[in-house]
Amino acid sequence: MADTSLRRNLTVSAALGLLLVPGCHSAEQSLPYAEAIQFSPDTLEKLVTRTVAVQDDHSTVSYRYPILGESHPLTAEIRTGMAERQTAFLEELPDHGSPELVQDVELLAASEDVIGARTTALTSGVRGAGTETSTLWYDAGTGEVLPWTSLFRDEGSLEAAHLAVAQVLKDGYQLSVDQMPGLLGEIATRAEADPDSVSAVASEPAASPEAHPEENGEEAGTDGAAPTAGDADLTDPEQAWEAAERWAASPLADLAFSTAGGLAVRLDPSDVPSAGRVSEVLLPVEPEETEEVLSELGYHARSAAVGANSDPEDFPLDGTLTAEGSSLDCERLKCVALTFDDGPGEHTEELLDHLGEYDARATFYVMGSLVGEFPEIVERTHAEGHEMGNHTWKHDDLTTLSAEGVAEDLKRTDEAIQEVTGVAPPTLRPPYGAMNSTVSDATEHPIILWDVDTMDWQNRDTGAVAKHALDESKPGSVVLFHDIHKSTVDAIPDVLEGMHAEGFHFVTVSEIFGEDGLKPGQPHTDARVD
């Protein structure tokens, strides 16, 4: 029988308080410690995780994340954050060495009310290599993805939590206020000099939603100065995100709940010399000290962390957890939509192999007459996460048909695709890009054209096709290829390698335009913002 107890399922972040390197003895430790609750998504049997690794001649990137259900907001935010870090990493690659980026997610809590996730990004072989962490919290009641600040009532509560951590450093690690790192030291110094300056009562108004400190040349919360508590209501998502920017340098940004029911706050051992030879320091904020500072979400999160992870069979999310749906926000990313017309055909499976090497999603505009001829290829294309689009039954020019003829042709093609994949194609690409008002009025499909025509139908030069795609594609581009040509399929590895090196992410047409970006019967060429 599987042991599903809470303590068994935890990734214990502190062995009897602190992770000790060989040669240290936990029995001799009398320093305050916290046992942080965090656990692998793999411990939840109903939860699917996705692992991807892309390696080329210049770098290696890999990532793992949980799939919480089709287009789940937390999955989308985690994936988009990972993609942003990947682009930044790839855009700054050195000319030599073997740079690597590894990103992973562990859960901090999971219940029907709230899910907490911690992302770790480890870089090597690049300038500034090291580890970066971030935490996100999903509030099931509102459907919002929120920052760590939302676990607290207000900014006065944030200051109180910092002072509680500072007190642990003072009493347990014998650090003076001057020795305390970063914001902890500054807030403690301010409180020591003027106790009335730090309280649960806001001392200054928070910045308005329109105010962005970075526009005034300030890196909010990151310039070495402790932010002064404002009157932000951290139960409001917008204000919580603004506060997270102001408090970005806080060690509480990487907090977890402890098995004791309090907080576990991570510090770098180099900031706490008296901690000894340890890999990380986890400071406890006792449960009673959190009672007055946590928000309602904070209480739910604590309950989820401490009590609701004991049985993986009770994982709260129902539905198709394996259906990822849209998981990238292309308004924040360098996205490109590769599209392939006139298939499926004899070269399509080779193309799918190439796309798989880069975890690339594409859109295939298929002809209905070929779906029955290559059903296995259509089924594989769909199963691997690509999008299917309607390219008419047999490539007729829709502008030569009546409205009834257009509707019948598209309906027949939709049904052929849906019979194999179980999903009706969401968009239409008319052959030759030919359309008129009759076509527009006869379909509810958004009509997808392109802004980059590789001319592969005319020029069978593999190098020229790849060069054109690489030279002309911009963030938001929709690129036209034809997978019926071997020369085109042979060009795709160079296209993928080149765009990947530039930090592009390969998405479907629906993803690049977004949920509200496609209008029925209307033409769309690209999602570029320039």
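Predicted model, so just to flag it, every value in this text is computed and none were measured.

(A) Structural detail: the overall build of the protein chain. A tally of helices and strands in the protein chain yields 15 helices and 17 strands. Put simply, 71% of the contacts in the protein chain that link residues at least 6 apart link residues at least 24 apart.

(B) Broad picture of unusual backbone geometry. Of the consecutive residues G343 and P344, the connecting peptide bond is found in the cis state with omega at 0°. With respect to the element layout, P344 can be found in the loop between strand 10 (335-343) and helix 8 (348-357). Its identity as a non-glycine residue notwithstanding, D359 has a phi of 50°, on the positive side. With respect to the helices and strands, the residue D359 is situated in the loop between helix 8 and strand 11 (363-366). Here M455, not a glycine, exhibits a phi torsion of approximately 60°, which is positive. In this structure, M455 sits in the loop between strand 14 (452-453) and helix 13 (462-472).

(C) Layout of the nonpolar core. In terms of nonpolar packing, the biggest core is built from 111 residues, with F152, Y173 and L338 touching the most fellow members. Among the elements that take part in this core, helix 3 (residues 155-172) stands out by supplying 7 residues, more than any other. Residues in contact with L338, not counting those within four places in the same chain, are A362, T363, V479, F481, L496, M499, F506 and V507. Listed in part, the 14 residues of the second largest apolar core include L328, V509, F513 and L518.

(D) Local environment of the sheet that holds strand 2 (residues 60-67). Strand order across the open sheet formed by 6 strands is 1-2-3-4-5-6, with mixed pairing between neighbours. Edge positions in the sheet fall to strand 1 (48-55) and strand 6 (144-146), since each has one partner strand and no second. When the angles between neighbouring strand axes are averaged without regard to direction, this sheet yields 20°. Of the strand pairs in this sheet, strand 5 (residues 130-139) and strand 6 are connected by 3 bridges, and their pairing is antiparallel. Within strand 6, the position partnered with D139 by the bridge is E144. In this fold helix 2 (residues 73-91) packs onto strand 2, strand 3 (100-110), strand 4 (114-124), strand 5 and strand 6, with an angle of close to 170° to the strand it touches most, strand 2.

(E) Broad picture of the pairing of strand 11. Residues T363 and Y365 line one face of strand 11 and the alternating positions F364 and V366 line the opposite face, and both faces are buried. Direction of pairing for strand 10 relative to strand 11: parallel, over a ladder of 4 bridges. Looking at strand 11, one finds that F340 is bridged to F364. Taken together, strand 10, helix 8 and strand 11 constitute a β-α-β crossover, and its handedness is right-handed. Of the pairings in the sheet, the one linking strand 11 to strand 12 (residues 387-390) comprises 4 bridges and is parallel in character.

(F) Local environment of the packing of aromatic side chains. Enumeration over the complete set of coordinates arrives at 5 aromatic pairs. Ring geometry for Y63 against Y65: centres 6.2 Å apart, planes inclined by 25°, an arrangement best described as stacked. Side by side, Y63 and Y65 carry an identical accessibility label, which is buried. Note on W137 and F257: the rings are 6.0 Å apart at their centroids and 85° apart in plane angle, and the pair reads as edge-to-face. On the criterion of sequence distance, the pair formed by W137 in strand 5 and F257 in strand 7 (residues 256-257) is long-range, its members being 120 residues apart.

(G) View of the packing of helix 8 against helix 14 (residues 486-501). At a minimum axis separation of 10 Å, helix 8 and helix 14 run at an interaxial angle of 0°. When the interaxial angle is binned, helix 8 and helix 14 end up roughly parallel. On helix 14, the residues touching E350, L351, H354 and L355 of helix 8 are K486, V489, D490, I492, P493 and L496.

(H) Looking closely at the sheet that holds strand 7. Here 3 strands make up an open sheet; going across it, the order is 7-8-9 and the pairing antiparallel. The strands lining the two open edges of the sheet, one partner per strand, are strand 7 and strand 9 (281-285). Bridge count for strand 7 against strand 8 (residues 263-267) is 2 bridges, and the pairing is antiparallel. Of the residues in strand 8, the one forming a bridge with F257 is L263. Each of strand 8 and strand 9 is contacted by helix 3, which is oriented at about 115° to strand 9, the strand it contacts most.

(I) Structural detail: the pattern of salt bridges. Per the stated rule, a full pass over the model turns up 23 salt bridges. Measuring nitrogen to oxygen at the nearest pair gives 2.9 Å for the salt bridge that ties E291 to R302. Of the two residues, E291 is situated in the loop between helix 6 (287-290) and helix 7 (296-307) and R302 in helix 7; the sequence distance between them amounts to 11 residues. Among the salt bridges present, the one from E415 reaches K411, with a minimum N-O distance of 2.6 Å. With a gap of 4 residues between them, E415 and K411 both fall in helix 11 (residues 403-421), about one helical turn apart. When its relative accessible area of 46% is taken as the criterion, K411 is described as partly exposed. The structure contains a network of salt bridges with shared partners spanning R118, D254, R266 and E280.

(J) Summary view of helix 11. Over its 19 residues, helix 11 extends 27 Å from the first C-alpha to the last, a length consistent with the 27 Å expected when each residue adds 1.5 Å. Taken residue by residue, helix 11 has V406, D409, L410, T413, D414, A416, I417 and T421 as its buried positions. Buried positions in helix 11, seen along its axis, are confined to an arc of 160° and lie on one side of it. Exposed side of helix 11, more than 90 degrees from the buried face: E404 and E419 are the residues found there. Those residues of helix 11 that are buried are in contact with strand 11, helix 9 (368-371), helix 10 (375-383), strand 12 and helix 12 (437-442). G422 lies just past helix 11 and shows a positive phi near 85°.

Rules of the game
- Residues numbered from 1 in each chain as written.
- Predicted model: local features only at pLDDT ≥ 70, side-chain atom pairs only at ≥ 80, totals over all residues.
- Heavy atoms only, no water.
- Helix = DSSP H or I, 4+ residues; strand = E, 2+ residues; numbered from the N terminus.
- Contact = heavy atoms within 4.5 Å.
- Core = buried A, V, L, I, M, F, W, Y, C linked by side-chain atoms within 4.5 Å.
- Buried < 20%, exposed > 50% of the residue type's maximum accessible area, 1.4 Å probe, protein only.
- Pairing = 2+ DSSP bridges.
- Axes fitted to C-alpha atoms, helices over the stretch in contact; angles between N-to-C directions.
- Right-handed = clockwise from strand over helix to strand, strands pointing away.
- Phe/Tyr/Trp six-rings, centres within 6.5 Å; stacked < 30°, edge-to-face > 60°.
- Parallel < 35°, antiparallel > 145°, perpendicular 65-115°, else oblique.
- Salt bridge = Lys/Arg side-chain N within 4 Å of Asp/Glu carboxyl O.
- Expected span 1.5 Å × (residues − 1).
- Arc of directions from axis to C-beta.

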